[in-house]
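Inside the fold
In case you want the letters, here they are:
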Amino acid sequence: MRPSTHSYTQSLVSSLIAEHGEARAEEIVRGWVANEPILIDSDTEILKSLAAGRGDVAITNHYYLGRLLEEDSAFPVQLFWANQADRGAHVNVSGAGVTANAPNRENAIALIEWLSGDGQEMFAGTNHEFPANPAAPVHPIIAEFGEYSADPLAKEELGRLQSQAVELMNRVGYQ
Ligand SMILES: [Fe+2]
C-alpha cells in the first residue's frame, strides 16, 4: 500500500467515508493496518515489489502497470478491477487549473484546452491514463485491461473529505 501521506491513499479513504460512512470506513482501514501492509511511496515501486514476490496483492493506479507492461510485456502482475459488484473502482483524475495571478493566463488556458482536446490522445497515450475526453482513443495496452465500472462519486467529495480521511488514518495507526 502507499503511506497515509500519499494523496492517492487520502482520496481512496475519502471515497470509503463517502460510500460507507466514517464508522465503517474506519473498520476497513483498521483491517488494512491489521494486515501489516508494506508501505511504499511509489506505485511503480509497489508493482516492482509485488513482481519480486514481496506481497500477493497491492493497490495502485492502473497506468503504472501499463507503463511497466510496455517496458516488459511479461511483467508478472495482473490487474484486477476492484468493487465491480458494487460501487465501482475508485478513480483519481489528472486535473489542471490556472491560478488567479498567473502572468500568462491566455496561454495557460490555451494549453489546458489543447490538453483536453487535440492533445488528449498524446497525453493519455504517453502516461497511459484513460482519456477524460471520450473522443480520444485508449492506449492499446490499457484497452487490454478491459471494461470496468467506475465509482460515480463526485471528485469534489474526495477533496471535501480529505482532512477527515487523514484524521481517520492517524487514529487507527495507518502510517
Ligand atoms: Fe499517478
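Fair warning: this is a prediction, and the values are worked out from it, not measured in the lab.

A closer look at the overall build of the chain
- Counting secondary structure elements, the chain contains nine helices and zero strands.
- Order of helices (α) and strands (β) in the chain, N terminus to C terminus: α-α-α-α-α-α-α-α-α.
- Each of the three principal axes of the chain carries a C-alpha extent, and together these read 50 × 45 × 30 Å.
- Scored against the burial criterion, the 175 residues of the chain give a buried share of 35%.

A short note on helix H4 (residues 62-71)
- Taking burial as the measure, the 10 residues of H4 include seven buried ones, the bulk of the element.
- Here H4 has its buried residues at His 62, Tyr 63, Tyr 64, Leu 65, Gly 66, Leu 68 and Leu 69.
- Check the buried side of H4 and you find it contacts helix H1 (7-20), helix H3 (43-51), helix H6 (120-127) and helix H7 (140-143).

Some details on the side chain of His 128
- By secondary structure assignment, the location of His 128 is in the loop between H6 and H7.
- For His 128, a relative accessible area of 1% corresponds to the buried category.
- Setting aside residues up to four positions removed in sequence, His 128 forms contacts with His 62, Tyr 63, Gly 66, Arg 67, Glu 70, His 139 and Ile 142.

Section: the coordination of the iron ion
- Within the protein, the iron ion binds to Tyr 8 (OH), Tyr 63 (OH) and Tyr 64 (OH); these donor distances fall in the range 1.8 to 2.0 Å.
- Along the chain, the residues donating to the iron ion fall in the pattern Y-x54-Y-Y. Taken together, the positions of Tyr 8 in helix H1 and Tyr 63 in helix H4 put the pair 55 residues apart, joining distant regions of the chain.
- Residue classification places Tyr 8 among the buried positions, given a relative accessible area of 17%.

Looking at a nonpolar patch on the surface
- A cluster of nonpolar side chains, Leu 111, Trp 114 and Met 122, forms an exposed patch at the surface whose accessible area comes to about 330 Å².
- Locating Trp 114 in the fold gives a position in helix H5 (residues 105-116).
- Judged by its relative accessible area of 38%, Trp 114 is partly exposed.

Looking at the pattern of salt bridges
- If you walk through the whole model with that rule in mind, you get seven salt bridges.
- Across the salt bridge formed by Asp 43 and Arg 2, the nearest N and O atoms sit 2.7 Å from each other. Residue Asp 43 is located in helix H3, and its partner Arg 2 is located in the segment before H1; the two are separated by 41 residues in the primary sequence. Each member of the pair Asp 43 and Arg 2 is classed as buried.
- The shortest N-O distance in the salt bridge between Asp 151 and Arg 87 comes to 2.7 Å.

Notes on the packing of H1 against helix H9 (residues 162-172)
- It is the contact of H1 with H9, at a shortest axis distance of 8 Å, that shows an interaxial angle of 95°. If you check the angle between H1 and H9, you find them roughly perpendicular. When H1 is examined against H9, the residues Thr 9, Gln 10, Val 13, Ser 14 and Ile 17 are found in contact with a partner set consisting of Gln 162, Gln 164, Ala 165, Val 166, Leu 168 and Met 169.

Details of unusual backbone geometry
- If you check the backbone angles, Asn 83 has positive phi at about 60° while not being a glycine.
- You can see Asn 83 is positioned in the loop between H4 and H5.
- Assessed through its relative accessible area of 29%, Asn 83 is described here as partly exposed.
- The residue His 128 is not glycine, and still its phi comes out positive at about 70°.

What counts and how
Residues numbered from 1 in each chain as written. Predicted model: local features only at pLDDT ≥ 70, side-chain atom pairs only at ≥ 80, totals over all residues. Heavy atoms only, no water. Helix = DSSP H or I, 4+ residues; strand = E, 2+ residues; numbered from the N terminus. Buried < 20%, exposed > 50% of the residue type's maximum accessible area, 1.4 Å probe, protein only. Contact = heavy atoms within 4.5 Å. Donors = N, O, S within 2.8 Å, 3.2 Å for Na, K, Ca; no water. Patch = residues over 30% accessible without salt bridge, like charges linked within 9 Å, V, L, I, M, F, W, Y side chains within 5 Å. Areas by Shrake-Rupley, 256 points an atom, 1.4 Å probe, with all protein chains shown as cover. Salt bridge = Lys/Arg side-chain N within 4 Å of Asp/Glu carboxyl O. Axes fitted to C-alpha atoms, helices over the stretch in contact; angles between N-to-C directions. Parallel < 35°, antiparallel > 145°, perpendicular 65-115°, else oblique.

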